[in-house]
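# Architecture at a glance
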Amino acid sequence: QFGTVSGIDDVRGALEALSGSVTASQTLQAASLVDRHVLVPAKEAWLPPSGKVDGAIDVPAGTSSVAVGVYDLGGTLVATLPIGQLPDGSQAPSGYYELRAVGTVDGKSTALDTLVSGRVESVSVNGNSIGLTVTGLGVVNFADVRGIGS
């Protein structure tokens with residue numbers, strides 16, 4: 001019986017060491033993202049006074065008629081942007097906007113995931129969780145990153 005308990009403790013210790021090694025590796029990967037842009041799931045985006053919002057939509061195969069609704073924080077529709085067409089060129093005031101993407105999937109209107117790009121300002125570690133502070137988005141989970149840019 002003592003041999004079994006000792007064996008379980010050895011396995012537990014090995015798993016904890018492996019977990020610590022994985023966390024350290026992920027922390028180094030996350031740290032390399034500082035000053036780079038990441039694409040993460042987000043329903044809101046910050047529009048700077050003299051800038052633009054970069055993002056993407058997670059569109060499943062077979063989806064058609066995709067459009068993005070842009071709403072102010074009061075819930076008022078500011079614009080509907082059909083994908084593939086340019087807006088009229090007017091500039092919305094700076095501030096936070098909610099993004100809602102909709103597409104037709106199998107003949108039904110379906111909400112689609114919106115992704116927003118932002119610059120990584122810093123990295124934080126809390127136990128096994130790694131957070132990225134992203135300009136305009138706040139802290140996002142490192143595991144949620146869907147794309148990395150320059």
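The written sequence of each chain sets the order in which its residues are numbered from 1. Since the coordinates come from a predicted model, pLDDT governs what is reported: local features require at least 70, and pairs of side-chain atoms require 80 or more to be given and counted, while whole-chain, interface and lining totals use all residues. Side-chain metrics rest on all non-hydrogen atoms present in the structure, leaving aside hydrogens and water.

On to a nonpolar patch on the surface, then. Only residues whose relative accessible area exceeds 30% and that form no salt bridge are eligible for patches; like-charged ones are grouped when within 9 Å, while nonpolar side chains (Val, Leu, Ile, Met, Phe, Trp, Tyr) are grouped when within 5 Å. Areas reported here follow the Shrake-Rupley algorithm with a probe of radius 1.4 Å; residue values treat only the protein chains shown as occluding. By salt bridge we mean one thing: a side-chain nitrogen of Lys or Arg within 4 Å of a carboxyl oxygen of Asp or Glu. A surface patch of nonpolar side chains, about 310 Å² in accessible area, is lined by W46, L73 and Y96. Mapped onto the fold, Y96 is located in strand 6 (residues 95-105). Y96 gets classed as partly exposed once you look at its relative accessible area, which sits at 38%. Each helix is a run of DSSP H or I of at least 4 residues and each strand a run of E of at least 2, with the numbering of both proceeding from the N terminus. Burial classification: accessible surface area is computed with a 1.4 Å probe over protein chains only, and a residue below 20% of its type maximum counts as buried, one above 50% as exposed, and the rest as partly exposed.

The next subject is the pairing of strand 2 (residues 44-47). Burial along strand 2 is one-sided: A45 and L47 are buried, while E44 and W46, pointing the other way, are not. Pairing between strands requires that DSSP locate at least two bridges from one strand to the other. Relative to strand 6, strand 2 runs antiparallel, the two being bridged by 4 bridges. Bridge assignment links L47 to a residue of strand 6, and that residue is G95.

Now for the side chain of T114. Structurally, T114 is set in strand 7 (residues 108-126). What makes T114 buried here is its relative accessible area of 4%. Within the local environment of T114, its side chain forms a polar contact with the backbone oxygen of A42, the two atoms lying 2.5 Å apart. Contacts are residue-level and defined by heavy atoms, with any inter-residue pair within 4.5 Å sufficient. Residue contacts for T114: discarding those within four places in its chain leaves V40, P41, A42, K43, A56, L99, R100 and A101. Contacts described as polar in this section are N or O atom pairs within 3.5 Å, which, within protein, must combine one atom able to donate a hydrogen with one able to accept it, while residues neighboring in sequence count only if both atoms come from side chains.

In terms of strand pairing, strand 4 (residues 64-72) meets strand 6 through 7 bridges, oriented antiparallel. In the sheet register, V70 faces strand 6, and the bridge partner there is L99. Pairing between strand 6 and strand 7: 5 bridges, direction antiparallel. Note that in strand 7 the partner of T104 across the bridge is S109. What sits between the antiparallel neighbours strand 6 and strand 7 is a turn of 2 residues, in which D106 has the positive phi angle 55°.

As a further point, take the pattern of salt bridges. Enumeration according to the criterion identifies 3 salt bridges in this entry. We note a salt bridge from R146 to D58, for which the minimum N-O separation is 3.3 Å. On the criterion of sequence distance, the pair formed by R146 in the loop between strand 9 (138-141) and strand 10 (147-148) and D58 in strand 3 (residues 55-58) is long-range, its members being 88 residues apart. Judged by relative accessible area, R146 falls into the partly exposed class, the value being 44%. For D58, a relative accessible area of 35% translates into the label partly exposed.

For the rest of this paragraph, the subject is the environment of V34. Take V34: it is sitting in the loop between helix 1 (2-31) and strand 1 (37-41). Spatially, the C-alpha atoms of V34 and V120 are 4.9 Å apart, while their sequence positions differ by 86 residues. With residues up to four places along the chain from it excluded, the contact list for V34 reads V120, E121, S122 and V123.

Two rings belonging to Phe, Tyr or Trp (six-membered ring only in the last case) form a pair when the distance between their centres is within 6.5 Å. Interplanar angles under 30 degrees mark stacking, angles over 60 mark edge-to-face geometry, and anything in between is tilted. Tallying each qualifying case throughout the model produces 1 aromatic pair. Ring centres of W46 and Y96 lie 5.0 Å apart, and the angle between their planes is 55°; this geometry places the pair in the tilted category. Of the two residues, W46 is situated in strand 2 and Y96 in strand 6; the sequence distance between them amounts to 50 residues. Residue classification places W46 among the partly exposed positions, given a relative accessible area of 33%. Sitting above the plane of the Y71 ring, R100 keeps its charged end 3.7 Å from the centroid. Counting as a charge over the ring demands two things of the Lys NZ or Arg CZ atom: a distance within 6 Å of the ring centre and an angle within 35 degrees of the ring normal.

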